[in-house]
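Examining the three-dimensional arrangement
Here is how the chains run, residue by residue.
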Amino acid sequence: MKTHRHAKIATAVVFAFGFSTIVASPVFAANLTIEVKGDVGDKGAVMVALYKASDKWMGKATDIRTTAAVKAGVSVTFNDLAEGEYAISLFIDENSNNKLDTNAVGMPIEPYAFSNDASGSFGPPSFDKAKFALGKDDKKHVITIR
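Residues numbered from 1 in each chain as written. Predicted model: local features only at pLDDT ≥ 70, side-chain atom pairs only at ≥ 80, totals over all residues. Heavy atoms only, no water.

Along the backbone of the protein there are two helices and eight strands. Ordered by position from the N terminus, the helices and strands of the protein form the series α-β-β-β-β-β-β-α-β-β. Across the 146 residues that make up the protein, the buried fraction comes to 31%. Long-range pairs, those at least 24 residues apart, make up 68% of the contacts in the protein between residues at least 6 apart in sequence. Total accessible area on the protein stands at roughly 9,300 Å², and carbon and sulfur atoms take up 57% of it. (Helix = DSSP H or I, 4+ residues; strand = E, 2+ residues; numbered from the N terminus. Buried < 20%, exposed > 50% of the residue type's maximum accessible area, 1.4 Å probe, protein only. Contact = heavy atoms within 4.5 Å. Areas by Shrake-Rupley, 256 points an atom, 1.4 Å probe, with all protein chains shown as cover.)

Structural data, given as structure tokens:
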């Protein structure tokens, strides 16, 4: 009898843990496609960084996608994102060194852009200028390279 009682308790614990895991799991919302328009060029790669509102803007990104630069423009997709506010920063790594190259005073010398086509004064725009909302449905966001 004691073994049977222990089996019932173990089953209850496993069920409770499994149920709490399902209930506590984040609900994924949608796929986000970023279309990059403008003169992307045809050398190097387009590096796209996705930031959630809770991330340090222009610090460690939630996710990063890289794709070959193509003159006609490119698109990248981030899958299964939770609802919330996000922002994008991207640049074209023309020399394939995996970083945004700058001149002697720190101004970028490779093309770059931000979501909402936001711009900043003497640096990147604020998260508030670049942010957009992602809901339950798939979304396309167009960014233009300058």
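Quick look at the packing of aromatic side chains now. Per the stated rule, a full pass over the model turns up four aromatic pairs. On the basis of an interplanar angle of 55° and a centroid distance of 6.1 Å, the ring pair of W57 and F114 is categorised as tilted. Note that W57 is positioned in the loop between strand 2 (45–52) and strand 3 (63–68) and F114 in strand 6 (residues 112–114), a separation of 57 residues in sequence. Each ring, one from W57 and one from F127, has its centre 5.8 Å from the other, and the planes form 75°; the classification is edge-to-face. Highlighted residues: W57 in the loop between strand 2 and strand 3 and F127 in helix 2 (residues 127–130), separated in sequence by 70 residues. (Phe/Tyr/Trp six-rings, centres within 6.5 Å; stacked < 30°, edge-to-face > 60°.)

This paragraph deals with the pattern of salt bridges. Scanning all chains against the criterion turns up five salt bridges. Its salt-bridge partner being R65, residue D63 comes within 2.9 Å of it at the nearest N-O pair. Across the salt bridge formed by K131 and D128, the nearest N and O atoms sit 3.5 Å from each other. On the basis of relative accessible area, K131 is assigned to the partly exposed category, the value being 28%. (Salt bridge = Lys/Arg side-chain N within 4 Å of Asp/Glu carboxyl O.)

Moving on, we come to the environment of E85. Along the chain, E85 turns up in strand 5 (residues 84–93). Between the alpha carbons of E85 and F132 there is a distance of 5.5 Å; along the sequence they are 47 residues apart. The contact partners of E85, leaving out residues within four places of it in the chain, are Y51, K52, A53, F127, K131 and F132. Of the polar contacts made by the side chain of E85, one reaches the side chain of K131; its length is 3.5 Å. (Polar contact = N/O pair within 3.5 Å; in protein donor to acceptor, adjacent residues only side chain to side chain.)

Okay, the confidence of the model for the protein next. With 81% of its residues at a pLDDT of 70 or more, the protein has an overall mean of 85. When the criterion is pLDDT under 50, residues 9–25 qualifies, and its contacts beyond four places in sequence or with other chains add up to zero contacts. (pLDDT = per-residue confidence, 0-100.)

Another aspect to go through is the sheet that holds strand 4 (residues 74–81). Read from one edge of the open sheet, three strands run 4-1-8, paired in mixed fashion. Each edge of the open sheet carries a strand with a single partner, namely strand 4 and strand 8 (139–144). Sheet twist, expressed as the average angle between the axes of neighbouring strands with direction ignored, equals 20°. Of the strand pairs in this sheet, strand 1 (residues 30–37) and strand 8 are connected by six bridges, and their pairing is parallel. Paired with K37 across the bridge in strand 8 is T144. (Pairing = 2+ DSSP bridges. Axes fitted to C-alpha atoms, helices over the stretch in contact; angles between N-to-C directions.)

A few words now on the nonpolar core. Judged by nonpolar contacts, the single largest core of 23 residues is most densely connected at I34, V36, V46, F78, I88 and L90. Those elements that provide at least two residues to this core are strand 1, strand 2, strand 4, strand 5 and strand 7 (132–134). Not counting the four nearest positions on each side in its chain, I88 is found in contact with I34, V48, A49, L50, W57, F78, A113, F114, S115, F132 and I143. Membership of the second largest hydrophobic core comes to nine residues, among which are Y51, A118, F127 and A130. (Core = buried A, V, L, I, M, F, W, Y, C linked by side-chain atoms within 4.5 Å.)

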